[in-house]
Amino acid sequence: GKDVAKAVTLNDEEIARLSRESVEWMDANNPVAADSTTYGARLKRLTEGITDADGLPLNFKVYLVTDVNAFACGDGSIRVFAALMDLMDDASAARNAAGAAEGSALARLSESQLGKVVAAFTDAQFSQKQEYEADEHGFEFCVKHGFDPYGMANSLNKLVELSKGAKASTVQKMFSSHPDSEKRAARMKEKADAYMAAQRQNR
C-alpha cells in the first residue's frame, strides 16, 4: 500500500522493481500462451529481433484472456491480450500497447497488493502531451525495426471503428485512459506520409 501511495515520487529503479514484481505475479495468475501455441508463435514472429528499447531489455507474452487490451511496464515487460490480437492483423497486433488492464484480468488482480500496484500503473490517466510523446517514440521505434510506417495509424483507426460498432462495449474501455484516438491516428498518418515522402526523396 505504501508503494502505491508514493508512486508519484518513484524513481526509475523503483518503477522497474515494482513493475517486475507485479508482472511476475500477473504472469502467475493469468493464462500465458506458450511459444508453441498460435498466439505465442505469432507474437514471437512479430517481435523477432526486438530485444531492447534504448538499452532496456524487453520481454513479450500473450495473455489468453477475452479483454481487448495490452500494456507495457517499466521493467521492459510487454503483455498483449489474445482478444486484441484477434482484432488486429500482423501489421499492428503487437505494437500499440494501450497501457491498461481491464475486465477479467483486472478483477483477479484486485485480490492482492501486487494487483493494486499493477492497477496503479495501468489505470493511470494520460494527458494529450504524454500520449503524443508516446506516439512519437512508438513511431520511431517501429520504423527503426522495419515495421510498416502506417501500422500505428491503421491500428488506432481500427480500434476507433470498433468502438463505434458491435464490439463497442469491449473496446470503449480502452479509450477511457487514452483519449483523442482519432486525432492520434490522423497525426500518425501524417507522420507516416512525411516519412515515406522523405524516403522517396533520398532514393
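**Q** How do you make sense of the overall build of the protein chain when you look at a structure like this?
**A** Looking only at helices and strands, one finds 10 helices and 5 strands in the protein chain. Look at the contacts in the protein chain between residues 6 or more apart in sequence, and 63% of them connect residues 24 or more apart. If you sum the accessible surface of the protein chain, you get close to 10,600 Å²; carbon and sulfur atoms cover 52% of it.

**Q** Is there a simple way to explain unusual backbone geometry in this structure?
**A** Across the chain, the bulk of peptide bonds are trans and the bulk of non-glycine residues have phi less than zero. Of note, D54 is a non-glycine position whose phi angle comes to about 55 degrees, a positive value. Here D54 is to be found in the loop between β1 (52-53) and β2 (56-57). Take D54: its relative accessible area is 69%, and that puts it in the exposed class.

**Q** Looking at this structure, how should I read the sheet that holds strand β5 (residues 77-81)?
**A** Backbone-to-backbone hydrogen bonds join strands into a sheet, with any given pair of strands oriented parallel or antiparallel. Reading across the sheet, the 3 strands line up as β3-β5-β4 and stay open at both edges, with mixed pairing between neighbours. Strand pairing shows two members of the sheet lacking a second neighbour, β3 (59-63) and β4 (70-72), which therefore form its edges. Within this sheet the neighbouring strands show an average axis-to-axis angle of 15 degrees, counted without direction. Alignment of β3 against β5, held across 5 bridges, turns out to be parallel. Its bridge partner lying in β5, K61 is registered against R79. Across the sheet, helix α2 (residues 12-29) touches β3, β4 and β5, and the angle it forms with β3 is around 35 degrees.

**Q** Before we go on, may I ask you to explain the nonpolar core in this structure?
**A** Within the largest apolar cluster, 14 residues are counted, with the highest numbers of intra-cluster contacts made by L58, F139, M152 and M188. Listed by contribution, the elements that provide at least two residues to this core are α7 (128-144), α8 (151-163) and α10 (181-201). The residues contacting L58, other than those within four sequence positions of it, are I50, T51, D52, A53, G76, I78 and F141. One finds A70, L87, M88 and L159 within the second-largest nonpolar core, a separate group that totals 13 residues.

**Q** What's the story with the pairing of β5 in this structure? I'm lost.
**A** Two faces, one strand: in a regular strand the side chains alternate between the faces of the sheet. Summarising burial for β5: 5 of the 5 residues are buried, a large majority. Across the two faces of β5 the burial is the same, with S77, R79 and F81 and I78 and V80 all buried. Here 3 bridges tie β4 to β5, and the two strands are oriented antiparallel to one another. Following the sheet pairing, A72 is matched in β5 by I78. What sits between β4 and β5 in their antiparallel hairpin is a turn of 4 residues, with G76 showing a positive phi close to 95 degrees.

Rules used throughout
- Residues numbered from 1 in each chain as written.
- Predicted model: local features only at pLDDT ≥ 70, side-chain atom pairs only at ≥ 80, totals over all residues.
- Heavy atoms only, no water.
- Helix = DSSP H or I, 4+ residues; strand = E, 2+ residues; numbered from the N terminus.
- Contact = heavy atoms within 4.5 Å.
- Areas by Shrake-Rupley, 256 points an atom, 1.4 Å probe, with all protein chains shown as cover.
- Buried < 20%, exposed > 50% of the residue type's maximum accessible area, 1.4 Å probe, protein only.
- Pairing = 2+ DSSP bridges.
- Axes fitted to C-alpha atoms, helices over the stretch in contact; angles between N-to-C directions.
- Core = buried A, V, L, I, M, F, W, Y, C linked by side-chain atoms within 4.5 Å.

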